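Chain by chain, the residues run as shown.
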Amino acid sequence: MSDATIELTNDNFDAEVINSDLPVLVDFWAEWCGPCKMIAPVIDEVATELAGKVKIGKLNVDDSNEVAAKFNIRGIPTLLMFKNGAVVDNKVGAVSKGQLVEFINSHI
């Protein structure tokens, strides 16, 4: 995980995501998920490139299942975009860097 990517947990989710002044992209993932591992470097790269415009965090669904359940996460990777504490968009499955940047830019 890059320095620009925030590790999210049940404990810090509200502070980092719900109460954020910036839009936040949350990547719901797990260690055993192949597609999650495929997009991890892309997530980190985009987090670095867009630092200051958007926050990007990763939430391990096995370690923080309370948050995953709250947002009804059924498949991973799932990407949720939050603005002003609410989910405004989502993507399920691995995406290319171009698709990810386009998805984020449509909300910032």
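See above for the structure.
The model shown is predicted, which means the values in this text are computed figures rather than measured ones.

Draft legend 1. Quick look at the state of the cysteines. The tally for this structure, following the rule as stated, stands at one disulfide. Here Cys33 connects covalently by a disulfide to Cys36, the sulfurs 2.3 Å from one another. Across the S-S bond linking Cys33 and Cys36, the dihedral sits near 80 degrees, which makes this disulfide right-handed. Comparing Cys33 with Cys36 shows no difference in burial state: the two are buried.

Draft legend 2. View of a negative patch on the surface. A contiguous patch of negative charge on the surface is contributed by Glu7, Glu31, Asp62 and Asp63. Mapped onto the elements of the fold, Glu31 is located in the loop between β2 (24-29) and α2 (34-49).

Draft legend 3. The sheet that holds strand β4 (residues 78-83), seen in detail. Pairing within the open sheet is mixed, and its five strands lie in the order β1-β3-β2-β4-β5. With partners counted over all chains shown, the strands left at the sheet margins are β1 (5-8) and β5 (86-92), one partner each. Each strand of the sheet is rotated relative to its neighbour by a mean of 25 degrees, with strand direction disregarded. Bridge count for β2 against strand β3 (residues 55-60) is six bridges, and the pairing is parallel. Note that in β3 the partner of Trp29 across the bridge is Asn60. The strands that α2 touches are β1, β2, β3 and β4; relative to β3, the one it contacts most, it runs at about 155 degrees.

Calculation notes
- Residues numbered from 1 in each chain as written.
- Predicted model: local features only at pLDDT ≥ 70, side-chain atom pairs only at ≥ 80, totals over all residues.
- Heavy atoms only, no water.
- Disulfide = S-S within 2.5 Å.
- Buried < 20%, exposed > 50% of the residue type's maximum accessible area, 1.4 Å probe, protein only.
- Patch = residues over 30% accessible without salt bridge, like charges linked within 9 Å, V, L, I, M, F, W, Y side chains within 5 Å.
- Areas by Shrake-Rupley, 256 points an atom, 1.4 Å probe, with all protein chains shown as cover.
- Salt bridge = Lys/Arg side-chain N within 4 Å of Asp/Glu carboxyl O.
- Lys, Arg positive; Asp, Glu negative; His and termini not counted.
- Charge placed at Lys NZ, Arg CZ, Asp CG, Glu CD.
- Helix = DSSP H or I, 4+ residues; strand = E, 2+ residues; numbered from the N terminus.
- Pairing = 2+ DSSP bridges.
- Axes fitted to C-alpha atoms, helices over the stretch in contact; angles between N-to-C directions.
- Contact = heavy atoms within 4.5 Å.

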